[in-house]
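The primary structure of each chain is shown beneath.
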Amino acid sequence: MRNESKMKNEKRIMNISLVGSILFMLSEGIMAYITHSHSLLMDCIFDVTDLIMIGPFLLLVPLLYKPVTEKRPYGFSQVESLFVVIKYSILLAITVRLVWDNILSLLHGGRQVDGGRIAFFELGVCLGCLVIYLLLHYFSRRYASLTIKAEIYIWKLDVISSLGVSVAFFVQMALHHTAYAWMALYVDPLVAIIMACLLLVEPVRMILVNLKSLVLFAPEKHIMEMIRQVAEHHMDKVHYDIEFLDVIQTGRKTWVEIYMTSHNNLINTRILLQLRDEIRDELKKSFDQVYVELIPSLPD
């Protein structure tokens, strides 16, 4: 898939996500104000955080397809990693604060909200989020960058969390007709805390992964092993060996430098170029933008 097509597809996906985020943010914000529900507020803040970051990213997308230069040897890839770190750090900070507020609410007797209105509203939100998720998933089949995958994951979480909230408040409605009616006051803060805890996992993981990209650490062990296996598979055919493997991942770009030796200390440049192309073509099946260099090690 050509870079121009990739860029258009990425912009289309981000625009769909932008419009969806605006619509759900406004509806959830209004309903959170009317019902005083922190569960709805959690959803609204999640959408606001996503919305704040989508706008600047749409401006960043064309830069991610610019070729590397001597001035910018990694292009703008690290900007994408920084972008993801900022986005999830903001979400993490807000989520932790909301967890604390809802813990205090539980300790002070819970919160009275209109459970029936919230239950039906969240069911509608769940269906709307599902439509957006399916659209993004459909378009991402052609191409899915790190940021696109993050957006799809967020909408998937929205579907699950909205459904969970809806079910919880339908349960709250049922509690009003039982001897456990007093528990209804604790449903909203408890649901908000559970949602927050589920949402905390992905931000923490993404922050750690992208911080490693920013400081140019080697990728995770299974990625290194996969690259090594691909390279060895092709190099064994021409009797070359890997002496040292250097891999850098930042944003959507991956640089692979293979320091190599020959069994007979002779290097054929034609074979070397063909070998590099074979390794790169196979790695392209697993990586978005991958660069491969084979570097012969000189004998002492």
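Structure's up top.
Predicted, not measured: the structure shown is a model, and the values here were computed from it. Each chain has its residues counted from 1, running along the sequence as written. For a predicted model such as this one, the threshold for reporting local features is a pLDDT of at least 70, and the threshold for listing and counting side-chain atom pairs is 80 or more; totals across whole chains, interfaces and linings nevertheless cover every residue. Side-chain measures here rest on the full set of heavy atoms in the structure, leaving out hydrogens and waters.

What to know about the overall build of the protein
- Helical segments are the DSSP runs of H or I of at least four residues, strand segments are the runs of E of at least two, and each set is numbered from the N terminus. Each helix and strand in the protein was counted, giving 8 helices and 3 strands.
- Along the protein, helices (α) and strands (β) appear in the sequence α-α-α-α-α-α-α-β-β-α-β when read from the amino end.
- Excluding contacts between residues fewer than 6 apart, the proportion of contacts in the protein whose partners are at least 24 apart in sequence is 75%.
- The Shrake-Rupley method, run with a 1.4 Å probe, gives the accessible areas here. Residue values count only the displayed protein chains as cover. With the model as given, the accessible surface of the protein reaches about 15,800 Å², and the carbon-plus-sulfur share is 66%. It only takes one pair of heavy atoms within 4.5 Å for two residues to be counted as in contact.

Some words on the sheet that holds strand 1 (residues 240-250)
- A pair of strands is treated as paired once DSSP finds two or more bridges between them. One open sheet holds the 3 strands; their spatial order is 1-2-3, and the pairing between them is mixed. Because the sheet does not close on itself, it has two edges, and the strands there are strand 1 and strand 3 (289-296). For this sheet, the mean inter-axis angle between neighbouring strands, taken without regard to orientation, is 15°.
- For strand 1 and strand 2 (residues 253-262), the ladder comprises 10 bridges, and the chain directions are antiparallel. Note that in strand 2 the partner of isoleucine 248 across the bridge is tryptophan 255.
- Strand contacts of helix 8 (residues 269-283): strand 1, strand 2 and strand 3, with the helix running at about 150° to strand 3, the strand carrying the most contacts. Lines fitted to the C-alpha atoms define the axes, with helices restricted to the stretch that makes contact. Angles between their N-to-C directions range from 0 to 180 degrees.

Side note on unusual backbone geometry
- One non-glycine residue, histidine 36, lies in the positive phi region at around 60°.
- Tracing the chain through its elements places histidine 36 in the loop between helix 1 (3-35) and helix 2 (38-64).
- Burial classes: relative accessible area under 20% of the type maximum marks a residue as buried, over 50% as exposed, and values in between as partly exposed (1.4 Å probe, protein chains only). On the accessibility criterion, histidine 36 (55% relative accessible area) is exposed.
- Even without being glycine, histidine 239 reaches a positive phi, approximately 65°.
- Histidine 239 gets classed as partly exposed once you look at its relative accessible area, which sits at 48%.

Notes on the nonpolar core
- For this analysis, a nonpolar core means a set of buried residues of the types Ala, Val, Leu, Ile, Met, Phe, Trp, Tyr and Cys, connected via side-chain atoms within 4.5 Å. Core analysis: the biggest nonpolar cluster contains 44 residues, and Tyr88, Leu136, Trp155 and Phe169 have the highest contact counts within it.
- Looking at this core, the elements with two or more residues in it are helix 1, helix 2, helix 3 (77-107), helix 4 (115-140), helix 5 (146-175) and helix 6 (187-214).
- Looking at which element gives the most residues to this core, the answer is helix 5, with 11 residues.

Considerations on the pairing of strand 3
- Judged from the 8 bridges that link them, strand 2 and strand 3 form a sheet pairing that is parallel. From the neighbouring strand, threonine 254 faces strand 3, where its bridge partner is valine 290.
- Handedness of a crossover: with both strands directed away from the viewer, a clockwise path from the first strand across the helix to the second marks it as right-handed. Each parallel crossover has a hand, and the one from strand 2 via helix 8 to strand 3 is right-handed.

Overview of the packing of aromatic side chains
- Only Phe, Tyr and Trp rings take part, Trp by its six-membered ring, and two of them pair if their centres are within 6.5 Å. Stacked means planes under 30 degrees apart, edge-to-face means over 60, and tilted covers everything else. Following the criterion strictly, the structure yields 5 aromatic pairs and no others.
- When the centroid spacing of 5.9 Å and the interplanar angle of 55° are considered together, the rings of phenylalanine 244 and tyrosine 259 count as tilted. One end of the pair, phenylalanine 244, is in strand 1; the other, tyrosine 259, is in strand 2, and 15 residues separate them in sequence.
- A relative accessible area of 49% places phenylalanine 244 in the partly exposed class.
- Residue class for tyrosine 259 comes out partly exposed when judged on its relative accessible area of 27%.

Structural notes on the side chain of glutamine 172
- Structurally, glutamine 172 can be placed in helix 5.
- For glutamine 172, a relative accessible area of 1% puts it in the buried group.
- Excluding its chain neighbours within four sequence positions, the residues that come into contact with glutamine 172 are Val113, Gly115, Ala184 and Val187.

Some details on the packing of helix 7 (residues 221-235) against helix 8
- Relative orientation of the contacting elements helix 7 and helix 8 amounts to 140°, with a least axis distance of 10 Å. In the crossing of helix 7 with helix 8, the sense of the turn from one axis to the other is right-handed. Contact with helix 7, carried on its side by Met226, Ile227, Val230, Ala231, His233, His234 and Met235, involves Leu275, Glu278, Ile279, Glu282 and Leu283 of helix 8 and no other residues of that element.
- Think of it as three bins: nonpolar holds Ala, Val, Leu, Ile, Met, Phe, Trp, Tyr, Cys and Pro, charged holds Asp, Glu, Lys and Arg, and polar takes everything else, Gly as well. Broken down by class, the residue content of the contact of helix 7 with helix 8 amounts to 8 nonpolar, 2 polar and 2 charged. In a left-handed crossing the near helix is turned counterclockwise from the far helix by less than a right angle, and in a right-handed crossing that turn is clockwise.

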